[in-house]
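# Tertiary structure, described
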Amino acid sequence: MQWIAPSEKDSSTDTLENRLWAAADQLRANSGLTSAQYSTPVLGLIFLRFADTRFAKRRAMLEKTAASSRRGSRMDDPAAYHAEGVLYLTPNARFDKLLHLPEGSNAGKAINEAMRDIEKHNPQLAGVLPKTYEIFTGTLLKELLKRVSEIPATIDYDAFGRIYEYFLGEFAKTEGQKGGEFYTPSSIVRLLVEVLEPYHGRILDPACGSGGMFVQSARFVAEHKKNPSSELAIHGQEKVADTVKLCRMNLAMHGLEGDIKEAITYYEDLHNSTGRFDFVLANPPFNVNAVDKERLDAEVGKGRRYPFGLPRTDNGNYLWIQLFYSTLNGNGRAGFVMANSASDARSSEQEIRKQLIEARAVDAIVAVGPNMFYTVTLPCTLWFLDRGKQKTSRVDKILFLDARHIYRQMDRAHRDWTEGQIGFLANVVRLYRGEEPDFTLGGAEAEDKLKEVFGKKLKFTDVPGLCKAATIKEIKVQGWSLNPGRYVGVAPGEEVSDEDFKEQLETLNEELETLNAQGRELEQTIAHNVAEILE
């Protein structure tokens, strides 16, 4: 199925976040600083503006209360701010003070001290905030402070979060491969979240980057009229110390707190996570090699982190997949991004995939087209696990959804999904599950497209070129493949695209190589048997 939404590139140029980014990027271009040197300190200033706005509103309320109270003022009591989820700022850490530093002041030193002050009075941010502002010139810092001050104090807190996320995404583009390590495009994350529906419970991202999975989960809860802070218990692991800081700052920007730890997840389970989580969301690094499997031996076996065994190939994909599965409780759901190659991988990886399918844990697989990520052009696959599906009528089925030809072209090199497209895809999964559609995201656009495809009564059915609920028997016949292209087919009247043809040719070539290998083994066996008879 093809659904290419019109680009909104031109209409977005006058948004606040776009104007701020254009100004900040222009300043960087003239500074001699690399994007890596520049990005976190700029995010730190946006964070400070946000913290200052919330602080000022809370201080005004305390001032008003003090005027009518006999107890005295609590305006300078950090606890009075923390009780409302607001960061306490000393006079030296307030945005206006830094914006209006006297001529000749050392702005870098002043901002570094402000960040240290914030950490001192708000222990949850200890060691998190950037303190490298002295590598910036005073002129550059004053210009940046002036630009960030253009964020109106009157905008809502979610708007601050969107600005922060927008800058994260733009920095990810400019930092290339390194950017992809800490940022997953928001449209991918939103689809993962919409399908998982994390209304309430413990949530884990064991490769959490800058925390986008948590932010979108919280947004989902808020859009459904609940308080994310009381509904979600956030846990994460991330191997890069600076990215852990970025994540904790991102959570704080959205009024969230989480238990985010620095760890290499293959080897370390700092949350004692096996069987404990309601939701797992992740975009792990693909095709990682050189994992020290000897360190994993004690974690292999039923009820452990790697219940289906270790793959013999030097590739970490099926280590990640097992970690996501083993982390879930009996009703837990997982949604994660995975390399296409994992869907059809052979040998020991095929055996692990077979066990996972036979455990009735795989619920849905979504094929995603190229250019959806900032750092790689390759297509990918979204996997959804549901350990609670064993109690449902779909226990012996898996939904395959082909979304490769559903997208919006952002620019020549990048694609994303509109809210309507995300809502449509998520509701295809809901129909398959027998759930009521939810058009909170996507609204009328998603609803109209769903009715166009599935009829006004909105009942799931296989749609060639879009979706198929395949049985375990059908999947066994296909060599336990989880490649949607093998099941979904092509819509009537549509031609096979170059991408589809290439994928089909690769699949046929893999099958031919397997048959050739089996043929060679059979030749050797026959030759050996004949030789024995002739002796």
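Above this text sits the structure in question.
What you see is a predicted model, and the numbers here were worked out from it, not measured in a lab.

## What to know about the overall build of the protein chain
Helix and strand counts for the protein chain come out as 19 helices and twelve strands. For 535 residues, the compact-globule formula gives about 24 Å, and the C-alpha radius of gyration of the protein chain, at 26 Å, lands near that figure. In terms of its C-alpha atoms, the protein chain occupies a principal-axis envelope of roughly 100 × 60 × 50 Å. Taken over 535 residues, the protein chain has a buried fraction of 52%. Long-range contacts, defined as pairs at least 24 residues apart, comprise 72% of the intrachain contacts of the protein chain with a sequence gap of at least 6. When the accessible surface of the protein chain is split by element, carbon and sulfur atoms take 50% of a total near 24,800 Å². Of note, the protein chain has its 67 positive side-chain charges centred 6 Å away from the centre of its 76 negative side-chain charges.

## What to know about the pairing of strand S5 (residues 277–282)
Judged by how many residues are buried, S5 sits mostly within the fold: five of six residues are covered. With two bridges connecting them, strand S2 (residues 201–205) and S5 associate as parallel partners. Following the sheet pairing, Leu204 is matched in S5 by Val280. Summarising the sheet, S5 and strand S6 (residues 328–339) pair through five bridges and their orientation is parallel. Along S6, the bridge assignment pairs Phe279 with Arg333. A crossover links S5 with its parallel partner S6, the connecting element being helix H13 (residues 317–327), and its sense is right-handed.

## As for the environment of Arg305
Along the chain, the position of Arg305 falls in the loop between S5 and H13. For Arg305, the contacting residues outside a window of four places in its chain are Thr265, Tyr266, Tyr267, Glu268, Asp269, Thr274, Glu299, Gln322, Leu323 and Ser326. Engagement of the side chain of Arg305 in a polar contact is seen with the backbone oxygen of Thr265, the distance being 2.6 Å.

## Things to note about helix H12 (residues 241–253)
Compared with the 18 Å implied by 1.5 Å per residue over 13 residues, the 19 Å span of H12 between its first and last C-alpha is a close match. Every buried residue belonging to H12 is among Thr243, Val244, Leu246, Cys247, Met249, Asn250, Leu251, Ala252 and Met253, and all of these are buried. Trailing H12 by a residue or two, Gly255 shows a phi angle of about 70°, which is positive.

## Section: the sheet that holds S2
Spatial ordering of the open sheet is given by S4-S3-S2-S5-S6-S8-S7-S9-S12, a layout of nine strands whose pairing is mixed. Bordering the open sheet on either side are strand S4 (258–262) and strand S12 (467–471), each of which pairs with just one other strand. In this sheet, neighbouring strand axes are inclined to one another by 15° on average, regardless of whether the strands run parallel or antiparallel. Judged from the five bridges that link them, S2 and strand S3 (residues 232–238) form a sheet pairing that is parallel.

## So, the packing of aromatic side chains
Under the counting rule described, the total for this entry stands at 21 aromatic pairs. Pairing Tyr266 with Tyr267 gives two aromatic rings, centres 6.3 Å apart and planes at 65°, and the pair type is edge-to-face. Taking the centre distance of 5.9 Å and the plane angle of 25° together, the rings of Trp320 and Phe324 count as stacked. With Trp320 and Phe324 both in helix H13, this residue pair falls four residues apart, about one helical turn. Each member of the pair, Trp320 as well as Phe324, carries the same accessibility label: buried.

## Observations concerning the nonpolar core
A general tendency of soluble globular proteins is for nonpolar side chains to be buried together. The biggest cluster of nonpolar side chains holds 59 residues, and the ones touching the most others in it are Tyr38, Leu144 and Phe167. Looking at this core, the elements with two or more residues in it are helix H1 (16–29), helix H2 (35–67), helix H3 (78–82), helix H4 (95–99), helix H5 (107–121), helix H6 (138–148), helix H7 (157–174) and H12. Here the element with the most residues in this core is H2; it accounts for eleven residues. When near neighbours in sequence (up to four residues on either side) are disregarded, Tyr38 contacts Ala24, Leu27, Arg28, Leu33, Phe136, Leu140, Leu144 and Phe171. Core analysis: the next-biggest nonpolar cluster, separate from the first, contains 56 residues, Met1, Met213, Ile234 and Leu450 among them.

## Here we look at the pairing of S6
Within S6, ten of the twelve residues are buried, which leaves the element mostly enclosed by the surrounding structure. Where S6 lies against strand S8 (residues 380–386), seven bridges are found, and the strand directions are antiparallel. Opposite Arg333, over in S8, you have Asp386 as the bridge partner.

## What about the pattern of salt bridges?
Summed over all chains, the structure comprises 30 salt bridges. For the salt bridge of Arg147 with Glu150, the shortest nitrogen-to-oxygen distance reads 3.4 Å. Residue classification places Arg147 among the partly exposed positions, given a relative accessible area of 33%. Given the relative accessible area of 42%, Glu150 is considered partly exposed. Taken together, the salt bridges that share partners define one network made up of Glu194, Glu197, Arg333, Asp363, Asp386, Lys389, Arg394, Arg430, Arg433 and Glu435.

## Overview of the packing of H13 against helix H14 (residues 347–358)
H14 packs onto H13 with a crossing angle of 20° between their chain directions and a minimal axis gap of 11 Å. Classified by the interaxial angle, the pair formed by H13 and H14 is roughly parallel. As H13 runs across H14, the sense of the crossing is left-handed. Residues Tyr318, Ile321, Gln322 and Tyr325 of H13 form the contact with H14, whose participating residues are Glu349, Ile352, Arg353 and Leu356. The residue makeup of the contact of H13 with H14, split by class, is five nonpolar, one polar and two charged.

## Points about the sheet that holds strand S1 (residues 3–5)
Strand order in this open sheet of three strands is S1-S10-S11, and the pairing throughout is mixed. Single-partner strands in this sheet number two, and they are S1 and strand S11 (414–416). For this sheet, the mean inter-axis angle between neighbouring strands, taken without regard to orientation, is 35°. Pairing geometry for strand S10 (residues 406–411) and S11, over three bridges, is antiparallel.

## Remarks on a nonpolar patch on the surface
A surface patch of nonpolar side chains, amounting to about 550 Å² of accessible area, comprises Leu522, Ile526, Val530, Ile533 and Leu534. With respect to the element layout, Leu534 can be found in helix H19 (residues 498–534).

## Thoughts on the packing of helix H9 (residues 186–196) against helix H15 (residues 419–433)
Here H9 crosses H15 at 25°, and the two axes come no closer than 9 Å. By the criterion of interaxial angle, the relationship of H9 to H15 is roughly parallel. Viewed along their axes, H9 and H15 form a crossing whose handedness is right-handed. Packed against H9, whose contacting residues are Ser187, Arg190, Leu191, Glu194 and Val195, the element H15 presents Glu419, Ile422, Leu425, Ala426, Val429, Arg430 and Arg433 at the interface. Partitioned by chemical class, the residues of the contact of H9 with H15 number six nonpolar, one polar and five charged.

Procedures and definitions
- Residues numbered from 1 in each chain as written.
- Predicted model: local features only at pLDDT ≥ 70, side-chain atom pairs only at ≥ 80, totals over all residues.
- Heavy atoms only, no water.
- Helix = DSSP H or I, 4+ residues; strand = E, 2+ residues; numbered from the N terminus.
- Rg over C-alpha atoms; globule rule 2.2 N^0.38 Å.
- Buried < 20%, exposed > 50% of the residue type's maximum accessible area, 1.4 Å probe, protein only.
- Contact = heavy atoms within 4.5 Å.
- Areas by Shrake-Rupley, 256 points an atom, 1.4 Å probe, with all protein chains shown as cover.
- Lys, Arg positive; Asp, Glu negative; His and termini not counted.
- Charge placed at Lys NZ, Arg CZ, Asp CG, Glu CD.
- Pairing = 2+ DSSP bridges.
- Right-handed = clockwise from strand over helix to strand, strands pointing away.
- Polar contact = N/O pair within 3.5 Å; in protein donor to acceptor, adjacent residues only side chain to side chain.
- Expected span 1.5 Å × (residues − 1).
- Axes fitted to C-alpha atoms, helices over the stretch in contact; angles between N-to-C directions.
- Phe/Tyr/Trp six-rings, centres within 6.5 Å; stacked < 30°, edge-to-face > 60°.
- Core = buried A, V, L, I, M, F, W, Y, C linked by side-chain atoms within 4.5 Å.
- Salt bridge = Lys/Arg side-chain N within 4 Å of Asp/Glu carboxyl O.
- Parallel < 35°, antiparallel > 145°, perpendicular 65-115°, else oblique.
- Left-handed = near helix turned anticlockwise from the far one by under 90°.
- Nonpolar A, V, L, I, M, F, W, Y, C, P; charged D, E, K, R; others polar.
- Patch = residues over 30% accessible without salt bridge, like charges linked within 9 Å, V, L, I, M, F, W, Y side chains within 5 Å.

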